[in-house]
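Residue-level structure breakdown
Spelled out, the chains give:
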Amino acid sequence: MGPHPAVAAIRLAVRRVLHDILTEQHASPAAASAGTALLERPPAPLVLVACSGGADSMALASALAFEAPRLGIRAGGVTVDHGLQPGSDLRAAEVVLRLTDLGLAPVESTAVTVGREGGPEAAARDARYAALDDAAERHGAAAVLLGHTRDDQAETVLLGLARGSGIRSLSGMAAVSGAGGRYRRPFLQLDRQTARKACMVQSLPVWDDPHNADPAYTRSRLRHEGLPALEKALGKGVVEALARTAQLSRDDADALDAWASQAEAGVRDAAGRLECAKLYALPPAVRRRILRRAAIEAGAPAGSLFARHIEEMDRLITGWRGQGAINLPGKVVARRQGGRLVIRQG
């Protein structure tokens, strides 16, 4: 008799990601050079799981612990203590014990200080990813697995829609992201209930973060009020439809990014300055991507550069009436001079 269907589903999702990691490792230049030395065998890659102790990440940790040894992969875990709740250090210590009991090694807890920039949710996310990056680099991990599910993807799409930030925001979370493809999300095609069921049938203890039910947080309100209201009004299948929208939007956004990258060289003069007439001839979606990239290269922080900033820059191209310079985040200024768009700090 095989495993419960929920357990089988999470293991299959993790197995596929681990196979991808192994394929990439074997195809890398380092692996190729190591292969030339007949007596040397490349060390088994290490894959870490980011685990909060919640159902999604515990299901992920259990699947990694099961699948990794069968593929010759070392498996470890990291839990991040955000310090935002009383007893968070004890919770982190419990998660370390649970991961160790699953057979993962190395396992560690990392405490972070959460700032205020961008709001509490964004600040906690930034601190968490910085800690995970540090752990991956210290341990030489090939990848870090994250337990985001299809439900998380649907929430991310709706949040992007509410911000009006364009097709890239609607593309949600990528299955592979981060420097060198460090972060992998095996569960983006699985719903939250599957992960919870997998924990239940395996008798895995889980921790339900009270912040996930706190209406003070936007994502919590969306999860407990917004999405249920949409499903009540539109019928079942909203989450699946939003997840499909994310993938379709990501494909479109990737194609437009590639187009903009190819077109950029053709709209610059010999000195590398952007020519307004050539920019004007491009489709708006391509032109605005070039403008955004130019602003970031000039020093504007990507996270603070919003659609309205790009629209104001775009009007220097499409609605030129002698208007003055545009002030952008990071003390970057964009102005039109002699048929050229000049973007620089100060």
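Conventions used here
- Residues numbered from 1 in each chain as written.
- Predicted model: local features only at pLDDT ≥ 70, side-chain atom pairs only at ≥ 80, totals over all residues.
- Heavy atoms only, no water.
- Salt bridge = Lys/Arg side-chain N within 4 Å of Asp/Glu carboxyl O.
- Helix = DSSP H or I, 4+ residues; strand = E, 2+ residues; numbered from the N terminus.
- Buried < 20%, exposed > 50% of the residue type's maximum accessible area, 1.4 Å probe, protein only.
- Lys, Arg positive; Asp, Glu negative; His and termini not counted.
- Polar contact = N/O pair within 3.5 Å; in protein donor to acceptor, adjacent residues only side chain to side chain.
- Contact = heavy atoms within 4.5 Å.
- Pairing = 2+ DSSP bridges.
- Axes fitted to C-alpha atoms, helices over the stretch in contact; angles between N-to-C directions.
- Parallel < 35°, antiparallel > 145°, perpendicular 65-115°, else oblique.
- Left-handed = near helix turned anticlockwise from the far one by under 90°.
- Nonpolar A, V, L, I, M, F, W, Y, C, P; charged D, E, K, R; others polar.
- Core = buried A, V, L, I, M, F, W, Y, C linked by side-chain atoms within 4.5 Å.
- Expected span 1.5 Å × (residues − 1).

What follows concerns the pattern of salt bridges. By the definition in use, this model includes 26 salt bridges. One salt bridge connects arginine 219 with glutamate 155, and the closest N-O pair in it is separated by 3.1 Å. Here the residue arginine 219 occupies a position in helix α9 (residues 218-234), and glutamate 155 occupies one in helix α6 (residues 150-163), the gap between them amounting to 64 residues. A salt bridge links glutamate 231 to lysine 236; its shortest N-O distance comes to 3.4 Å. Connected through shared salt-bridge partners, Asp152, Glu155, Arg192, Arg219 and Arg223 make up one network.

Our next topic: the side chain of aspartate 151. If you trace the backbone, aspartate 151 turns up in helix α6. Arginine 192 provides the closest opposite charge to the buried, unpaired aspartate 151, separated from it by 4.5 Å. Within the local environment of aspartate 151, its side chain forms a polar contact with the backbone nitrogen of arginine 192, the two atoms lying 2.6 Å apart. Look past the residues within four positions of aspartate 151 in its chain and what remains in contact with it is Asp191, Arg192 and Val239.

Here the focus is unusual backbone geometry. A cis amide bond links alanine 105 with the next residue in sequence, proline 106, at an omega value of 0 degrees. As for its position among the elements, proline 106 is in the loop between α4 (88-101) and β3 (107-111). At serine 203, a position not held by glycine, the phi torsion is positive, near 60 degrees. When you line up the elements, serine 203 lands in the loop between α8 (192-201) and α9. Residue serine 203 is classed as exposed on the basis of its relative accessible area, which comes to 62%.

Of the pairings in the sheet, the one linking strand β2 (residues 74-81) to β3 comprises five bridges and is parallel in character. Its bridge partner lying in β3, aspartate 81 is registered against alanine 111.

Attention now goes to the packing of helix α3 (residues 55-67) against α8. At a minimum axis distance of 8 Å, the contact between α3 and α8 shows a crossing angle of 60 degrees. Regarding the angle of α3 to α8, the classification is oblique. The handedness of the crossing between α3 and α8 comes out as left-handed. Contacts between α3 and α8 involve Ala55, Asp56, Met58 and Ala59 on the former and, on the latter, Arg192, Ala195, Arg196, Ala198 and Cys199.

Glancing now at the packing of helix α1 (residues 5-27) against α8. A pair of packed helices is characterised by two quantities: the angle between their axes and the separation of those axes. Axis separation between α1 and α8 bottoms out at 8 Å; the angle between their running directions is 115 degrees. As for the relative orientation of α1 and α8, their crossing is left-handed in sense. Taking contact as the criterion, the partners of Ala6, Val7, Ala9 and Ile10 in α1 are, on α8, Thr194, Lys197, Ala198 and Val201. Here the residues of the contact of α1 with α8 sort into six nonpolar, one polar and one charged.

Counting residues in each nonpolar core, the largest one holds 36 residues, and the members touching the most others are Leu18, Leu64, Leu99, Leu104 and Phe187. The set of elements that each furnish at least two residues to this core consists of α1, β1 (46-50), α3, α4, β4 (143-145) and α8. With nine residues, α1 is the largest single contributor of residues to this core. What leucine 99 contacts, discounting residues up to four positions off in sequence, is Cys51, Met58, Ala61, Gly77, Val78, Leu104 and Val107. Listed in part, the 26 residues of the second largest apolar core include Leu274, Leu305, Ile317 and Ala334.

On to α3, then. The end-to-end C-alpha distance of α3, which contains 13 residues, comes to 18 Å, matching closely the 18 Å that a straight helix rising 1.5 Å per residue would cover. Counting buried positions over the 13 residues of α3 gives 12, a clear majority of the element. Restricting attention to buried positions, one finds in α3 the residues Ala55, Asp56, Ser57, Met58, Ala59, Leu60, Ala61, Ser62, Ala63, Leu64, Ala65 and Glu67.

This part is about the sheet that holds strand β10 (residues 340-345). In space, the four strands of this open sheet follow the order β7-β10-β9-β8, with antiparallel pairing throughout. Bordering the open sheet on either side are β7 (274-275) and β8 (326-328), each of which pairs with just one other strand. Here β7 runs beside β10; their pairing, made up of two bridges, is antiparallel. Directly across from glutamate 275, in β10, lies its bridge partner arginine 340.

Without other data, these values stay purely geometric and don't point to any function.
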